[in-house]
Amino acid sequence: MIFDLPIPILGFAAYSGTGKTTLLEALMPKLTQAGLRVGMLKHAHHNFDVDKPGKDSYRLRKVGASQMVISSRNRFALMTETPEQESEFSYLLSRFDCDKLDVILVEGCKNIAFPKIELHREAVGKPWLYDNDGNIIAIAADTRVESCLLPQMDINDLDAIARFVLDYVNSAQDVDKNVAACCDTLSPAYLSVEQGRDKILNLVSPIAEQETCAIERAFGRVLARDILSPIDVPQYTNSAMDGYAIRGEDIGLESFEVAAQVMAGEAYEQPLGKGQAVKIMTGAPTPSNADTVIMREQAKQTGQSVTFTASAKVGQNVRLAGEDLARGAEVFSTGQRIGSAEMGMLASLGFASCNVTRRLKVAIFSTGNEVQAPGGELQSNTIYDSNRFTLIGMLQNLGCEVFDLGIIEDDESLMIEAVQNAVSQADVVITSGGVSVGDADYIKFALEKLGQIDFWRINMRPGRPLAFGQIEGKPFFGLPGNPVAVMVSFINFVEPALRKMQGQLGWQPLKLSAIASEPLRSRQGRTEFSRGVYQLDSHGQLTVRTTGKQGSGILRSMSEANCLIEIAPSIDIVKVGESVTIIPLQGRI
C-alpha cells in the first residue's frame, strides 16, 4: 500500500464546478450498502469552520485554543489550528484509524501522487487531467475519449462507478496479501532513501580506538568519554552586574555606609555588617552576609553613603556558586561532537585536553579511462576528475583522515590492487563511477572477488545507483559518477554512516519547511533532491527556489545552492505557496 497505509486510497480529481461532492454524496450509500467501510478526506482551498459560530467549541477556538476536542455520545472531533502552514497530506492520512476502514476516499488533492478517478464534464470547459497525470487510473465523464486507454465510465452511472471502486479495493487487498506472502517484499535493487540509509547504518559500527587531543585541536572531534565538571560554575557566589551588594535583611533602610569597593578579581574579606554596602563590579565575589545586589543605575552615592531609588528583592542580581554547573555534574556526554562553544566550555573548566575517538581513515579513488586529473591540458574524449576533490572536501569537513589513491583505469587487476591497497590503509573505502547500468564491469568484478557488495537502485534523483558492502570487514561505498549525484549520495548515505563510525550519537540532518516560490515537479515513486536557495521574505517566512537547471552533471548548481529541496515520492507537483522540505547545506559541503 502507498503512504505506508494498510488499506488502499483512491482520489476523485476534478476542477471546481464538476460536482465532486454531489457525486460522492450519491455514491457513498452504494459503497456502504456493499459492506465497504469508508474514510473520507476532503481538501478545501479556502478557510473553513467545522462548527457553527456561537457554539461553545467555536467560541473557545476563536479565543486561542490551538487544538479543540469536542465529544458527544455519538462522535468526537479534533480541530487543530494550522496558521503557519497547511498540514501535509501524509500526516492527514495518518489520522485515520485504518483498522476500522477498508478504503480512504479523497476529494481534491489533485496535485499529489496517488491513484485517482478523474471526473470531467464538458460544460465546465476545463482541460482533461489524465494527459498530464500518470496517477489517474480511470475516467468518469459525460463524454468519451476514443484515444484514451484508461477505463471510462459515465459520470451519471453511479452503479458503474461504485463497481469500479469495489473492484479497486478488492484488487488492492489481493495484491497486499500476495506481497505479504513473499519472503522478499522489496528487491534490493529498488530501495527508498530511508531503507538504503537504514540498511547501511545497521551494518556499520563505531571504531573503538581513542586518543588524547589538546583542546585547541579538538574542533570537529567526537568525545570518547563523558566530561564531568571538576569545579562549581560559578566557582564562587558573585554579582551579576555592576552595583552595590547589601544584606537582604537590611532592605528598607534609608541609607547605607559604603564599606569598600570590589573589582573583578578582587574580594572584600570582611563580613558585611548591618547598614553596610559594598560597591561591586560584575563577576566580583559578594562579601560574606551579602546576598543582594542593587544595580548602579538605581543608586545615588554621596561620599561614603549610598541611597537607592528603587525597591529591591532579596537575592536579586546574585549568581550563586554552582548555580550553572555543580562540581561532578555531567557537562558533555560520550558521542558529543566538539564545536567552538564546546572548546570554550572545556577550557573554562580547566581542561587542556580531552579523550576523543581517533580520526576515521577514509581511502578514495575515481574510476574510468575517461577521467583525467586536473592540472594538464584536457585530452580528447576525457573529463577532468571533480568527484575526488568534492569527496576530499566533504570528508575533511567531517574531520576524516583522507587517503587519496587517485584515478584507477578500467582494468580488473588494477581495480583489485587499488581496493586491496585502500582496505589496508583505511577504515572506509569510497569510489566514484562504475556502478551504473551500462558502466564497464571492472570494478564490479573486482568487488565481487574481494568482498560482499550489493549493487542497489535507490528510488531517488539524482544518485540512483549505489554500491555498498564490506571488504575485509570494512565498509565500501561505490558512488555514481555524476558530480551532483556524488554529493547528494554522500549526504544521504555516506555522511550518516561516517558519523556513526566516529561515535557521534543522536545526529539527525537538519530539515526545515519552506514555501515554494516557484513550481516544483517530481515523479511518483522516487525522492527528488533539487538544488535550492532559501531565504527569509519580508514577512519572516522561509521561502525556497531552485538554482535553475537540475542536471546531475551541473556542479555549478551545487556551488550556488544553500540547500537541497526534498520532494517526497508521493508528490508530483509542489505549487507556488505550498510547503516543501529543505535540507540546509551550510557546514555540510
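The structure presented is a predicted model; accordingly, all values stated were derived computationally and were not measured.

A. The overall build of the chain, seen in detail. Scanning the chain from terminus to terminus reveals eleven helices and 36 strands. Principal-axis analysis of the C-alpha atoms gives the chain an extent of 105 × 80 × 45 Å. Here the chain holds 589 residues, and 44% of them are scored as buried. Taking the contacts inside the chain whose residues are at least 6 apart along the sequence as the reference set, 67% of them involve residues at least 24 apart. Counting every atom, the chain has about 30,400 Å² of accessible surface; 49% of that belongs to carbon and sulfur.

B. Broad picture of the domain arrangement of the chain. As far as domains go, the chain holds domain 1 (9-179), domain 2 (210-232 + 327-357), domain 3 (238-319), domain 4 (361-502) and domain 5 (512-584). In this assembly, 14 residues from domain 4 lie in contact with 15 residues from domain 5. Both faces combined, the contact of domain 4 with domain 5 buries some 1,200 Å², and carbon together with sulfur accounts for 66% of it. Counting the surface domain 4 buries against domain 5, the share from its top three residues, Asn459, Arg461 and Val484, is 45%. The interface formed by domain 4 and domain 5 contains one salt bridge.

C. Geometry of the sheet that holds strand E26 (residues 452-457). Taken together, six strands build an open sheet; the order of strands is E24-E21-E25-E29-E28-E26 and the sheet is mixed. The open sheet has two free edges, formed respectively by strand E24 (401-408) and E26, since each of these has just one partner strand. Each strand of the sheet is rotated relative to its neighbour by a mean of 15 degrees, with strand direction disregarded. In terms of strand pairing, strand E25 (residues 428-432) meets strand E29 (residues 474-479) through four bridges, oriented parallel. Looking at the pairing, Thr431 lines up with Gly478 of E29. In this fold helix H9 (residues 442-450) packs onto strand E21 (361-367), E25, E26, strand E28 (465-471) and E29, with an angle of close to 140 degrees to the strand it touches most, E26.

D. View of a negative patch on the surface. Taken together, the side chains of Glu122, Asp142, Asp154 and Asp157 make up a negatively charged region of the molecular surface. Mapped onto the fold, Glu122 is located in the loop between strand E6 (116-120) and strand E7 (136-141).

E. Just unusual backbone geometry, in detail. The linkage connecting Val233 with the following residue, Pro234, adopts the cis geometry, with an omega of -5 degrees. Structurally, Pro234 is set in the loop between strand E10 (227-228) and strand E11 (238-239). Cis rather than trans, the peptide bond between Arg461 and Pro462 has omega equal to -5 degrees. One non-glycine residue, Asn317, lies in positive phi territory at about 60 degrees. Its location among the elements puts Asn317 in the loop between strand E17 (305-308) and strand E18 (318-319).

F. The environment of Phe365, seen in detail. Mapping Phe365 onto the fold places it in strand E21. Classification of Phe365 as buried rests on a relative accessible area of 1%. Sequence separation between Phe365 and Ala497 is 132 residues, and the spatial gap between their C-alpha atoms is 19 Å. Excluding residues that lie within four positions of it along the chain, Phe365 makes contacts with Arg388, Leu405, Gly406, Ile408, Ala418, Val419, Val429, Ile430, Thr431 and Ser432.

G. Focus on the pattern of salt bridges. Inspection of the entire model under this criterion finds 18 salt bridges. Across the salt bridge formed by Asp385 and Arg388, the nearest N and O atoms sit 2.7 Å from each other. Of the two residues, Asp385 and Arg388, both sit in the buried class. A cluster of three or more residues bridged by salt bridges with shared partners is formed by Glu209, Arg358 and Asp427.

H. Representation of helix H8 (residues 412-425) in the model. An ideal rise of 1.5 Å per residue puts 20 Å on 14 residues; H8 measures up with 20 Å between its terminal C-alpha atoms. Those residues of H8 that fall on the buried side of the exposure criterion are Met415, Ile416, Ala418, Val419, Ala422 and Val423. Across the axial projection of H8, the buried residues extend over an arc of 165 degrees, all falling on one side. For H8, the exposed residues set more than 90 degrees away from the buried face come down to Ser413, Glu417 and Ser424. In this structure, the buried side of H8 is in contact with E21, E24, E25, H9, E28 and E29.

I. Main features of the packing of helix H7 (residues 387-397) against helix H10 (residues 483-501). Relative orientation of the contacting elements H7 and H10 amounts to 30 degrees, with a least axis distance of 11 Å. With respect to H10, the axis of H7 lies roughly parallel. The crossing of H7 and H10 is right-handed. Touching Asn387, Thr390, Leu391, Met394 and Leu395 of H7 are Pro483, Val486, Met487, Phe490 and Leu498, all from H10. A class-by-class count of the residues in the contact of H7 with H10 yields eight nonpolar, two polar and no charged.

J. Fine view of the nonpolar core. Ranked by internal contacts, the top residues of the largest apolar core, which has 40 residues, are Ile200, Ile430, Phe477, Phe490 and Leu498. Broken down by secondary-structure element, the contributors of at least two residues to this core are helix H5 (193-203), E21, H7, E25, E28, E29 and H10. Top contributing element to this core by residue count: H10, with eleven residues. A domain-level breakdown of this core finds at least three residues from each of domain 4 (361-502) and domain 5 (512-584). Those residues within four positions of Ile430 in sequence are excluded, and the remaining contacts are Val362, Ala363, Ile364, Phe365, Leu391, Leu395, Phe477, Leu479, Phe490 and Val494. In this structure, Leu27, Val103, Ile155 and Ile161 belong to the second largest nonpolar core, which totals 23 residues.

Reading the values: the criteria
Residues numbered from 1 in each chain as written. Predicted model: local features only at pLDDT ≥ 70, side-chain atom pairs only at ≥ 80, totals over all residues. Heavy atoms only, no water. Helix = DSSP H or I, 4+ residues; strand = E, 2+ residues; numbered from the N terminus. Buried < 20%, exposed > 50% of the residue type's maximum accessible area, 1.4 Å probe, protein only. Contact = heavy atoms within 4.5 Å. Areas by Shrake-Rupley, 256 points an atom, 1.4 Å probe, with all protein chains shown as cover. Domains from an automatic or database assignment. Buried area = accessible area lost by both parts, 1.4 Å probe. Salt bridge = Lys/Arg side-chain N within 4 Å of Asp/Glu carboxyl O. Pairing = 2+ DSSP bridges. Axes fitted to C-alpha atoms, helices over the stretch in contact; angles between N-to-C directions. Patch = residues over 30% accessible without salt bridge, like charges linked within 9 Å, V, L, I, M, F, W, Y side chains within 5 Å. Lys, Arg positive; Asp, Glu negative; His and termini not counted. Charge placed at Lys NZ, Arg CZ, Asp CG, Glu CD. Expected span 1.5 Å × (residues − 1). Arc of directions from axis to C-beta. Parallel < 35°, antiparallel > 145°, perpendicular 65-115°, else oblique. Left-handed = near helix turned anticlockwise from the far one by under 90°. Nonpolar A, V, L, I, M, F, W, Y, C, P; charged D, E, K, R; others polar. Core = buried A, V, L, I, M, F, W, Y, C linked by side-chain atoms within 4.5 Å.

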